[in-house]
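What follows is the residue order along each chain.
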Amino acid sequence: MTINLIVIGKLKEDYLRSACAEYIKRLGRYCTFELHELDECRLSDNPSDKEIASALKKEAEQIKKYAKGMIIPMCIEGKQLSSIELSETISEAGVNGFSTVTFIIGSSFGIDSEIKSMGQLRLSMSKMTFPHQLARVMLLEQIYRAFQIAGGGKYHK
């Protein structure tokens with residue numbers, strides 16, 4: 001199985017990069033991992049809806065170059081899953097013929113509707129709001145936990 005993570009923007013803080021690196025290293029025991037960090041479109045300080053929509057379209061064109069397999073865009077209106085349900089979703093992807101599961105984290109303005117419509121599942125982490133860059137760490141941890149659950153590991157209690 002390949003886990004493909006597409007993210008808009010780069011991590012700025014060392015502690016977040018370190019946390020991501022740790023989970024990516026751990027995931028190496030369970031899957032092939034691909035990370036695609038794409039540039040965020042620059043917007044004015046007070047962007048209009050039209051400017052935001054244009055930026056999301058440009059980001060979508062970049063995302064489409066790397067999106068493959070089962071596509072799971074992360075979005076606030078998405079479905080919330082427990083860790084066990086996420087594990088089952090990833091495991092079932094393989095059974096359903098997907099060798100790759102692609103998670104997509106958009107910019108702070110979200111993901112273009114075209115990318116959302118490509119997804120087999122729209123996923124939300126929570127109704128709460130988290131710092132955008134923390135979402136990557138949280139998602140990687142949950143993917144690692146999902147593989148631990150599927151393998152009967154002790155990590156998930």
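This one's a predicted model, so the numbers in the text were calculated from it and none came from an experiment.

**Considerations on the packing of helix α1 (residues 14–27) against helix α5 (residues 132–150)**
Between two packed helices, what matters for the description is the angle formed by their axes and the separation of those axes.
For step 1, the next point in the chain: Two elements in contact, α1 and α5, have axes whose closest approach is 9 Å; the angle formed by their N-to-C orientations is 20°. Relative to α5, α1 is oriented roughly parallel. In this structure, the crossing between α1 and α5 has a hand that is left-handed. Between α1 and α5, the contacting residues are Leu16, Ala19, Cys20, Tyr23, Ile24, Arg26 and Leu27 on the first element and Gln133, Leu134, Arg136, Val137, Leu140, Glu141, Ile143, Tyr144 and Phe147 on the second.
For step 2, the next point in the chain: Residue classes in the contact of α1 with α5 are distributed as twelve nonpolar, one polar and three charged.

**What to know about α1**
For step 1, the next point in the chain: The end-to-end C-alpha distance of α1 is 20 Å, a good match for the 20 Å that 14 residues give at a rise of 1.5 Å each.
For step 2, the next point in the chain: Three or more residues of α1 are buried, namely Leu16, Cys20, Tyr23 and Leu27. End-on, the buried residues of α1 take up no more than an arc of 65°, which puts them together on one face. Looking at α1, the residues exposed on the side facing more than 90 degrees away from the buried face are Asp14, Tyr15 and Lys25.
For step 3, the next point in the chain: Of the surrounding secondary structure, the elements contacted by the buried residues of α1 are β2 (32–38) and α5.

**Details of α5**
For step 1, the next point in the chain: Over its 19 residues, α5 extends 28 Å from the first C-alpha to the last, a length consistent with the 27 Å expected when each residue adds 1.5 Å.
For step 2, the next point in the chain: Looking one or two residues past α5, Gly152 carries a phi angle of roughly 75°, positive in sign.

**Notes on the nonpolar core**
For step 1, the next point in the chain: Counting residues in each nonpolar core, the largest one holds 28 residues, and the members touching the most others are Ile3, Leu5, Leu27, Ile90, Phe103 and Ile143.
For step 2, the next point in the chain: For this core, the secondary-structure elements that each account for two or more residues are β1 (2–8), α1, β3 (70–80), α3 (83–95), β4 (100–105) and α5.
For step 3, the next point in the chain: Setting aside residues up to four positions removed in sequence, Leu5 forms contacts with Phe33, Glu34, Leu35, His36, Phe103, Ile105, Arg136, Leu139 and Leu140.
For step 4, the next point in the chain: Core analysis: the next-biggest nonpolar cluster, separate from the first, contains ten residues, Ile8, Ala60, Ile104 and Ile115 among them.

**Here we look at the packing of α3 against α5**
For step 1, the next point in the chain: Closest axis-to-axis distance for the α3/α5 pair is 8 Å, and the angle between their directions is 75°. As judged from the angle between their axes, α3 and α5 are roughly perpendicular. Taking contact as the criterion, the partners of Ser83, Ile84, Leu86, Ser87, Ile90 and Ser91 in α3 are, on α5, Gln142, Ile143, Arg145, Ala146, Phe147, Ile149 and Ala150.
For step 2, the next point in the chain: Of the residues assigned to the contact of α3 with α5, the class counts are eight nonpolar, four polar and one charged.

**Considerations on the layout of surface pockets**
For step 1, the next point in the chain: Quantified by volume, the largest pocket comes out at close to 530 Å³.
For step 2, the next point in the chain: Lining of the largest pocket is provided by 23 residues; of these, Met74, Cys75, Ile76, His132 and Ala135 occupy positions nearest its centre.
For step 3, the next point in the chain: Mapped onto the lining of the largest pocket, the elements with two or more residues apiece are β3, β5 (123–124) and α5.
For step 4, the next point in the chain: In terms of residue count, β3 provides more of the lining of the largest pocket than any other element does, four residues in total.
For step 5, the next point in the chain: The residue makeup of the lining of the largest pocket, split by class, is twelve nonpolar, eight polar and three charged.
For step 6, the next point in the chain: Its volume calculated, the second largest pocket comes out at about 270 Å³.
For step 7, the next point in the chain: Together, 15 residues line the second largest pocket, and Ile8, Gly9, Lys10, Glu40 and Gln133 are the ones closest to its centre.
For step 8, the next point in the chain: At the level of elements, β1 and α5 are the ones that each hand at least two residues to the lining of the second largest pocket.

Calculation criteria
Each chain has its residues counted from 1, running along the sequence as written. The model is predicted, so local features are restricted to residues of pLDDT at least 70 and side-chain atom pairs to those at 80 or more, both for listing and for counting; the totals for chains, interfaces and linings are taken over all residues. Processing note: side-chain calculations cover all non-hydrogen atoms of the structure and skip hydrogens and water entirely. With axes taken as lines fitted to C-alpha atoms, and helix axes fitted only over the stretch in contact, angles between N-to-C directions fall between 0 and 180 degrees. Secondary structure elements are defined from DSSP: runs of H or I of at least 4 residues count as helices, runs of E of at least 2 residues count as strands, and each element is numbered from the N terminus. Geometric relationships in this document are graded by angle, where less than 35 degrees denotes roughly parallel, more than 145 denotes roughly antiparallel, 65 to 115 denotes roughly perpendicular, and other angles denote oblique. Two helices cross in a left-handed way if the nearer one is turned anticlockwise from the farther one by less than a right angle. They cross in a right-handed way if the turn is clockwise. Pairs of residues are marked as contacts when any of their non-hydrogen atoms sit within 4.5 Å. Basically, the charged four are Asp, Glu, Lys and Arg, the nonpolar ten are Ala, Val, Leu, Ile, Met, Phe, Trp, Tyr, Cys and Pro, and anything else, Gly included, counts as polar. One less than the residue count of a helix, multiplied by 1.5 Å, gives the span that helix is expected to have. Accessibility here uses a 1.4 Å probe with only protein chains present; expressed as a share of the type maximum, an area under 20% marks a residue as buried, one over 50% as exposed, and anything in between as partly exposed. Note: the arc covers the axis-to-C-beta directions of the helix. Among the buried residues, those of types Ala, Val, Leu, Ile, Met, Phe, Trp, Tyr and Cys that are joined through side-chain atoms within 4.5 Å form a nonpolar core. Grid points spaced at 1 Å and placed over the protein atoms alone form the basis of the search, with a cavity being a set where a 1.4 Å probe fits but cannot get out and a pocket an open set showing protein on both sides within 12 Å along at least five of seven lines. Lining residues have an atom within 4 Å of a point. Grid points are joined across faces, edges and corners, and a volume is the space filled by probe spheres set on the points.

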